[in-house]
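# Results of the structural survey
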Amino acid sequence: MAARLFEGKAHASVYHRYRFSPPEKLQEVIWAYLENKKVSSFQLAVDVGSGSGQSTLWLAKRFEKVVGTDISEAQIEEAKQAAHPPNVSYLVCPAEDLPFKDNSVDFVFSFAAVHWFDIPRFMKEVQRVLKPSGCVVLATNCMDMQVHYKDCTGKLTEIFKEFRAEIFKYANEKVSRVEDDYKMVFDTLPFQDKQRITDIFGTVPFTVAGALGYFQSFSMYQTCLKAEPEVAKSLIQNIEKRFLEVMEVSSLETPVEIRFRHATVLGCKKS
Ligand SMILES: C[S@@+](CC[C@H](N)C(=O)[O-])C[C@H]1O[C@@H](n2cnc3c(N)ncnc32)[C@H](O)[C@@H]1O
């Protein structure tokens with residue numbers, strides 16, 4: 001069963017404001033993989049579970065045509081309204097039923113999304129739509145992110161972990177697929193030629209306000225917000241207050257970085 005946790009307009013809007021492109025290091029690993037697999041056709045890339053489009057745009061540098069797909073109309077509406085080059089378009093459709101012909105796609109990509117899909121059905125679609133030597137990359141941010149500011153990284157990360165433990169009570173069971181660093185995703189990919197990398201690290205610049213916005217885009221936070229709005233709001237107020245105290249600053253515009261580890265499954269169809 002697919003999980004429908006990203007449907008609301010408000011959630012889509014939070015997404016659009018606070019989510020980010022796959023970090024540079026991850027992009028480098030992906031381009032190197034395509035080179036290594038001697039991918040020579042760059043006609044069509046599909047970003048499945050594109051949300052509001054942050055994970056889609058970077059593909060437009062190399063592919064003639066890029067299509068972002070998502071089951072949520074609200075997310076796709078945000079993506080369509082945001083600036084995007086003419087070779088990028090968006091479609092509402094489930095990952096388990098992609099509107100592309102057999103053997104027609106050069107590259108299937110998904111960022112922070114596959115764990116929400118009906119994975120066996122999605123993998124059949126990957127197998128069906130990819131060209132014979134097409135590639136797939138399924139990547140995610142892992143749970144063990146660090147919040148960095150001057151010499152406060154340890155304390156800020158501890159505060160973040162406490163916040164995460166609270167909202168984890170509202171987590172969908174599918175989050176366990178991220179906790180296992182996409183091992184289940186790897187095992188389910190029906191290709192012989194595949195690998196899983198769990199130690200790609202990337203840093204994303206935020207402000208304190210941006211980091212708090214990013215935390216509020218988590219599905220478990222949004223679930224908490226719906227179930228117990230006062231609890232959710234006080235969790236954010238609490239983390240905001242503690243962050244500012246530890247950093248000894250008063251401005252929410254103070255820059256911080258979040259350091260991510262990415263788990264990534266890469267595969268090549270090979271006929
Ligand atoms: C955590 S968001 C990631 C969005 C985007 N890739 C990013 O990096 O910001 C997960 C996305 O997957 C979408 N999604 C969940 N289940 C889906 C399904 N079965 N088919 C297509 N999209 C799905 C959600 O609507 C949501 O936009």
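Look above for the structure.
So, a few notes on the structure that sits alongside this text. Since the model is a prediction, treat every value here as computed from it, not as a measurement.

### Describing helix 5 (residues 153-168)
Between the first and last C-alpha of helix 5 there are 22 Å, a value that for 16 residues agrees with the 22 Å anticipated at 1.5 Å per step. The complete set of buried residues in helix 5 reads T153, L156, T157, I159, F160, F163, R164 and I167. Projection of helix 5 onto a plane perpendicular to its axis shows the buried side chains occupying an angular sector of 160°, all on one side. Exposed and facing more than 90 degrees away from the buried side of helix 5 are G154 and K155. At its buried positions, helix 5 is contacted by strand 6 (146-148), helix 8 (208-216), helix 9 (219-227) and helix 10 (229-247).

### Observations concerning helix 8
With 7 of 9 residues buried, helix 8 lies mostly within the body of the structure. V208, G210, A211, L212, G213, Y214 and F215 are the residues of helix 8 that are buried.

### Things to note about the nonpolar core
One finds F107, F122, Y214, F215 and F243 to be the most contacted residues of the largest nonpolar core, which totals 94 residues. Excluding residues that lie within four positions of it along the chain, Y214 makes contacts with Y18, R19, F20, N141, M145, F206, I258 and F260.

### A closer look at unusual backbone geometry
Located in the positive-phi region is K38, a residue other than glycine, with phi close to 55°. Structurally, the position occupied by K38 is in the loop between helix 2 (24-36) and strand 1 (44-48). Note on K38: relative accessible area 69%, which makes it exposed. Even without a glycine there, the phi angle at Y182 is positive, about 65°.

Thresholds, definitions, all that
Residues numbered from 1 in each chain as written. Predicted model: local features only at pLDDT ≥ 70, side-chain atom pairs only at ≥ 80, totals over all residues. Heavy atoms only, no water. Helix = DSSP H or I, 4+ residues; strand = E, 2+ residues; numbered from the N terminus. Expected span 1.5 Å × (residues − 1). Buried < 20%, exposed > 50% of the residue type's maximum accessible area, 1.4 Å probe, protein only. Arc of directions from axis to C-beta. Contact = heavy atoms within 4.5 Å. Core = buried A, V, L, I, M, F, W, Y, C linked by side-chain atoms within 4.5 Å.

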